[in-house]
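Observations on chain architecture
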Amino acid sequence: MSCAFDLAHYRELLDAAKAGGYRFATFDREPQPGDVFLRHDVDLSLEAALRLAELEADAEAQATYFLMTRSVFYNLASEEGERALARLRALGHRVGHHAVHPHVDLDARFDPVVAWHNPDPEFMSASIEGAVNVMSEPWFSRDHYRSDSNRHWRSGCPHAALAQGKLEWVQLLTHPEIWVHPGETMRETMLAMLDAERARDLERLAADRIDLT
Ligand SMILES: [Zn+2]
Ligand SMILES: [Zn+2]
């Protein structure tokens with residue numbers, strides 16, 4: 001099995017978790033043995049989030065999508081943003097808040113769960129009033145955490161450990177953009193994402209009654 005960052009291998013990760021006897025859990029309760037918390041920080045693209053969300057629904061896997069209210073790359077308050085939120089809910093996923101410190105913009109769109117965007121150590125694991133901070137105990141511990149940051153698994157791709165049930169429980173952080181867009185490096189993946197965004201921006205311009213003739 002090649003550990004590519006693509007949708008085929010993401011599906012294999014989900015299948016590995018099932019083969020290892022894990023259940024998909026959400027942050028409304030504390031971790032228990034056998035839990036896999038699928039966490040997605042949506043930094044750049046709602047479209048990529050929806051692609052992954054459809055794949056998970058097809059695999060009967062439930063995830064938590066952390067969406068930003070202060071992204072420079074997408075607007076959750078736009079019609080597109082509202083549609084994406086509704087679709088994530090319709091697919092059975094949870095929606096948390098991907099917050100930019102120090103702003104916590106929790107409202108009725110979100111479950112009371114927060115993941116900081118690019119957190120500094122000073123506040124990363126601090127408690128947040130009225131919400132679960134996913135990087136605080138008991139939801140976070142070094143031994144129970146795997147992340148695909150910049151297309152790099154620090155302790156290797158977890159598919160084998162999942163398939164063999166070697167992790168007591170795990171919070172698995174993945175970024176949809178990395179899995180949806182092709183490339184051999186982070187730069188290539190980002191350039192592919194920008195190509196896709198350019199096509200979408202042309203559609204947005206046409207929808208905005210801009211004359212493109
Ligand atoms: Zn793998
Ligand atoms: Zn982020």
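Here the structure is a predicted model, which means the values were calculated and not measured. (Residues numbered from 1 in each chain as written. Chains lettered and ligands numbered in written order. Predicted model: local features only at pLDDT ≥ 70, side-chain atom pairs only at ≥ 80, totals over all residues. Heavy atoms only, no water.)

What follows concerns a nonpolar patch on the surface. Together, L202, L205, I210 and L212 line one region of the surface with nonpolar side chains, adding up to about 320 Å² of accessible area. Relative to the elements of secondary structure, L205 occurs in helix α7 (residues 186-207). (Patch = residues over 30% accessible without salt bridge, like charges linked within 9 Å, V, L, I, M, F, W, Y side chains within 5 Å. Areas by Shrake-Rupley, 256 points an atom, 1.4 Å probe, with all protein chains shown as cover. Salt bridge = Lys/Arg side-chain N within 4 Å of Asp/Glu carboxyl O. Helix = DSSP H or I, 4+ residues; strand = E, 2+ residues; numbered from the N terminus.)

The next subject is the pairing of strand β5 (residues 113-116). Covered by surrounding structure in β5 are V113 and A115 together with V114 and W116, the residues of both alternating faces. In this sheet, β5 lies alongside strand β4 (residues 94-99) in parallel orientation, the contact comprising three bridges. Looking at β5, one finds that H98 is bridged to A115. Strand direction decides the pairing type here: β5 and strand β6 (residues 132-133), joined by two bridges, are parallel. Pairing of V114 across the sheet is with N133, part of β6. (Buried < 20%, exposed > 50% of the residue type's maximum accessible area, 1.4 Å probe, protein only. Pairing = 2+ DSSP bridges.)

To continue, consider the coordination of the zinc ion (ligand 2). Protein ligation of the zinc ion (ligand 2) involves D43 (OD), H98 (NE2) and H117 (ND1), the donor distances falling in the range 2.0 to 2.1 Å. Within one chain, the residues donating to the zinc ion (ligand 2) are spaced in sequence as D-x54-H-x18-H. Here the residue H98 occupies a position in strand β4, and H117 occupies one in the loop between β5 and α4 (121-124), the gap between them amounting to 19 residues. You can call H98 buried: its relative accessible area is 2%. For H117, a relative accessible area of 22% gives the class partly exposed. (Donors = N, O, S within 2.8 Å, 3.2 Å for Na, K, Ca; no water.)

Time to look at the packing of helix α1 (residues 7-19) against helix α2 (residues 46-58). In the contact formed by α1 and α2, the axes pass within 11 Å of each other and the chain directions differ by 40°. As far as their axial angle goes, α2 and α1 are oblique. Judged by the twist between their axes, the crossing of α1 over α2 is right-handed. Between α1, through L7, Y10, R11 and L14, and α2, the contact on the second element is made entirely by R51, L52, L55, E56 and D58. Considering only residue class, the contact of α1 with α2 consists of five nonpolar, no polar and four charged. (Axes fitted to C-alpha atoms, helices over the stretch in contact; angles between N-to-C directions. Parallel < 35°, antiparallel > 145°, perpendicular 65-115°, else oblique. Left-handed = near helix turned anticlockwise from the far one by under 90°. Contact = heavy atoms within 4.5 Å. Nonpolar A, V, L, I, M, F, W, Y, C, P; charged D, E, K, R; others polar.)

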